[in-house]
Every structure is written in structure tokens, then in C-alpha cells.
Amino acid sequence: GTHTVTVSDNTAPGWSSFTPTGWVSASQTVNVAIHVQDAGSGLDGSTAQYAYSNNGGGAWTSWSAATISGADWTTAPQTVTVSVPFGQDSGSGHLNLARFRINDMAGNAGESSAYNVDIDTQAPTNPTILSGSVPTGTWTNSPAITMSWSGQSDASSGVGGSFNRSRLTGGG
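Conventions adopted
Residue positions within a chain follow its written sequence, with the count starting from 1. With the structure being a predicted model, the display of local features is reserved for residues of pLDDT at least 70 and the display and counting of side-chain atom pairs for 80 or more, all residues being used for whole-chain, interface and lining totals. Neither water nor hydrogens contribute to the side-chain values; these are computed over all heavy atoms in the structure. Helix numbers and strand numbers start at the N terminus; a helix is a DSSP run of H or I with at least 4 residues, a strand a run of E with at least 2. For every residue, the accessible area obtained with a 1.4 Å probe (protein chains only) is divided by the maximum for its type, and the residue is called buried under 20%, exposed over 50%, and partly exposed between those limits. By definition, residues are in contact when any of their heavy atoms lie within 4.5 Å. Following DSSP output, two strands are said to pair if at least two bridges run between them. To form a nonpolar core, buried Ala, Val, Leu, Ile, Met, Phe, Trp, Tyr and Cys residues must be joined to one another through side-chain atoms within 4.5 Å. For Phe, Tyr and Trp, where Trp contributes only its six-membered ring, two rings pair if their centres lie within 6.5 Å, and the inter-plane angle classes them as stacked under 30 degrees, edge-to-face over 60, or tilted in between. Two thresholds decide whether a charge sits over a ring: the Lys NZ or Arg CZ must be within 6 Å of the ring centre and within 35 degrees of the ring normal.

Novice: Got a sec to walk through the overall build of the protein chain? Specific residues and values, please.
Specialist: Looking only at helices and strands, the protein chain features zero helices and 11 strands. Each helix and strand of the protein chain, placed in order from N terminus to C terminus, yields the pattern β-β-β-β-β-β-β-β-β-β-β. For the protein chain, the proportion of its 172 residues judged to be buried stands at 28%. Across the protein chain, every contact between residues at least 6 apart in sequence was considered, and the portion connecting residues at least 24 apart equals 63%.

Spelled out as C-alpha cells, the structure:
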């Protein structure tokens, strides 16, 4: 005879482990990935999509197809991957965001929260020397010199620190 099995699944797929988690400096087009799982009826991979914002979530692109590992009906965690063309650095705020959605085989829609993608492809500006006990470009035999500088800045990730490199030579 024929047997019918009914799977009761009222739970949408869940999201975890978004990457990247740190600053991206190589490009303003970023490869992002996130894990998704549906332990009930399994994932419907053909419905995996993403959208992105480059103004802090004020406006979003329309949903576009995303790549997912695994096959339909899988209940194991899968990875959704996409290359997002943000086209800009993040600035001082979290401007670049990505979000995802997918259905399970029972038709439950699962949408992720918005994930921040920090991008900084520009080097910080160099500081300007404000003052020093020895003029720039001159030699001294003084055992100690002092100098002050300011103006180092970075519009996105900030400045991690500043230092001055001096060349010291021995006398003779």
C-alpha cells in the first residue's frame, strides 16, 4: 500500500556565522557568506537571495539570486555566498549592509537581519609636523629631540597610531 508522511514545519530557516567580521581593505566589492539551516522540511535552495544597502539601510537594492551550497531538502547547515558590489568605503558609519532570505521546502520564509560590512580601501592621511626642536631635514648632534604633529586621519576605520622614524648615525 501507499503511506503518506506529513511533516509539520512552521519554523523559518535560521541564520548564523556571517563573514567578513572585520575590516575589508582590498576592494569595495566584497565576498560575503552566511550559514543558514532549516531542521524541519529542509531548505529550498532556489529561493536563496540577497539585497544590500550602501546608505545605512535607508534604501535597499531589489532582491537578487544568491549561491547556496547543498541541495534542496537538506536540513544540515548550508552556506549562502555572494559578491556584493558596494562601490564605496563605509565612512565613519555603518553604511554598507547586506541581508539574505530563503524559503524552506514547506514555504516558510526566513529573512536574516542586516549585517554590517566594514570597508576601508583608502590609506590614512599623513600627519603634518607642527613643531620640533630641530628643523626638518637638518642634522644635529643633540642626544634628544622633540617634535609634535597632528592631522593624521582616516574617514573609515580610523587611525590605529602614529609614529615618527628618525635616522640616527654615529659620530666620529
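Novice: Can you lay out the sheet that holds strand β6 (residues 78-85) for me, pointing to particular residues and giving the numbers?
Specialist: Strand order in the open sheet formed by four strands is β1-β2-β6-β5, with antiparallel pairing between adjacent strands. Bordering the open sheet on either side are β1 (14-19) and β5 (67-68), each of which pairs with just one other strand. Strand direction decides the pairing type here: β1 and strand β2 (residues 29-37), joined by four bridges, are antiparallel. Bridge assignment links Thr-19 to a residue of β2, and that residue is Ala-33.

Novice: So what's going on with the nonpolar core? Residues and values would help.
Specialist: By size, the foremost hydrophobic cluster in this structure holds 23 residues, and its most contacted members are Trp-15, Val-32, Val-80, Phe-86 and Phe-100. Elements with a contribution of two residues or more to this core: β1, β2, β3 (43-53), β6 and β7 (97-104). In contact with Phe-86, other than residues within four places in its own chain, are Gln-28, Val-30, Tyr-52, Ser-53, Asn-54, Asn-96, Leu-97, Ala-98, Val-117 and Ile-119.

Novice: Break down the packing of aromatic side chains for me, with residues and values.
Specialist: If you walk through the whole model with that rule in mind, you get five aromatic pairs. Judged by centre distance (6.2 Å) and plane angle (50°), the ring pair of Phe-18 and Phe-100 falls under tilted. Note that Phe-18 is positioned in strand β1 and Phe-100 in strand β7, a separation of 82 residues in sequence. Neither residue differs from the other here; Phe-18 and Phe-100 are each classed as buried. Residues Phe-18 and Tyr-115 carry aromatic rings whose centres are separated by 4.7 Å and whose planes lie at 15° to one another, so their mutual orientation is stacked. Taken together, the residues Phe-18 in strand β1 and Tyr-115 in strand β9 (residues 115-116) connect sequence positions 97 residues apart. A relative accessible area of 9% means that Phe-18 is categorised as buried. Three or more aromatic residues link up through ring pairs in this structure, and these residues are Trp-15, Phe-18, Phe-100 and Tyr-115. If you follow Arg-99 out to its NZ or CZ, it ends over the ring of Trp-60, 4.1 Å from the centre.

Geometric descriptors of this kind do not, in isolation, establish any biological role.
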